[in-house]
Amino acid sequence: MSLTEKLRDFAGALAVASTDAPDDYPEWGYTTYESNMADLKELWAEILPKLKKDLEKTAFIDDKLQEAFAAFEAKEKDTGRKATLAIYNLDVKNLS
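Residues numbered from 1 in each chain as written. Predicted model: local features only at pLDDT ≥ 70, side-chain atom pairs only at ≥ 80, totals over all residues. Heavy atoms only, no water.

Colleague: Describe unusual backbone geometry, naming the residues involved and giving the relevant values.
Modeller: Residue proline 22 is reached from alanine 21 by a cis peptide bond, and omega for that bond is -5°. Note that proline 22 resides in the loop between helix H1 (3–20) and helix H2 (33–47). For lysine 75, which is not a glycine, the phi torsion comes out positive at approximately 65°. With respect to the helices, strands and loops of the structure, lysine 75 is situated in the loop between helix H3 (55–73) and helix H4 (77–88). When its relative accessible area of 70% is taken as the criterion, lysine 75 is described as exposed. Phi is positive for aspartate 91, which is not a glycine, with a value near 60°. On the basis of relative accessibility, which here comes to 37%, the residue aspartate 91 falls in the partly exposed class. (Helix = DSSP H or I, 4+ residues; strand = E, 2+ residues; numbered from the N terminus. Buried < 20%, exposed > 50% of the residue type's maximum accessible area, 1.4 Å probe, protein only.)

Written out as structure tokens, the structure is:
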């Protein structure tokens, strides 16, 4: 999978997290909180080494992801959703 495809998938996972995480995933869907968080972590681990040219944005994304994961685990839904939305609003699909 190319970096562009990974960035698109990452943006999609962020969009879902900003509206559904941690407990509003539709029962009829195939995405769960656990699978979405795993996708975010896996995609970011694959994307990060390829984005070393923009250290400020990558540091921001790292911080916001950690904030989101911690907030969701602490049942602070709004804080987690705002953190994922802040990353999405960086236009992550075009970071390459």
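Colleague: Can you explain H2? Please cite residues and give values.
Modeller: Compared with the 21 Å implied by 1.5 Å per residue over 15 residues, the 21 Å span of H2 between its first and last C-alpha is a close match. Every buried residue belonging to H2 is among Tyr33, Asn36, Met37, Leu40, Leu43, Trp44 and Ile47, and all of these are buried. Down the axis of H2, the buried side of the element spans an arc of 135°, and every buried residue falls inside it. When the buried face of H2 is taken as reference, the exposed residues oriented beyond 90 degrees from it are Glu34 and Ala45. (Expected span 1.5 Å × (residues − 1). Arc of directions from axis to C-beta.)

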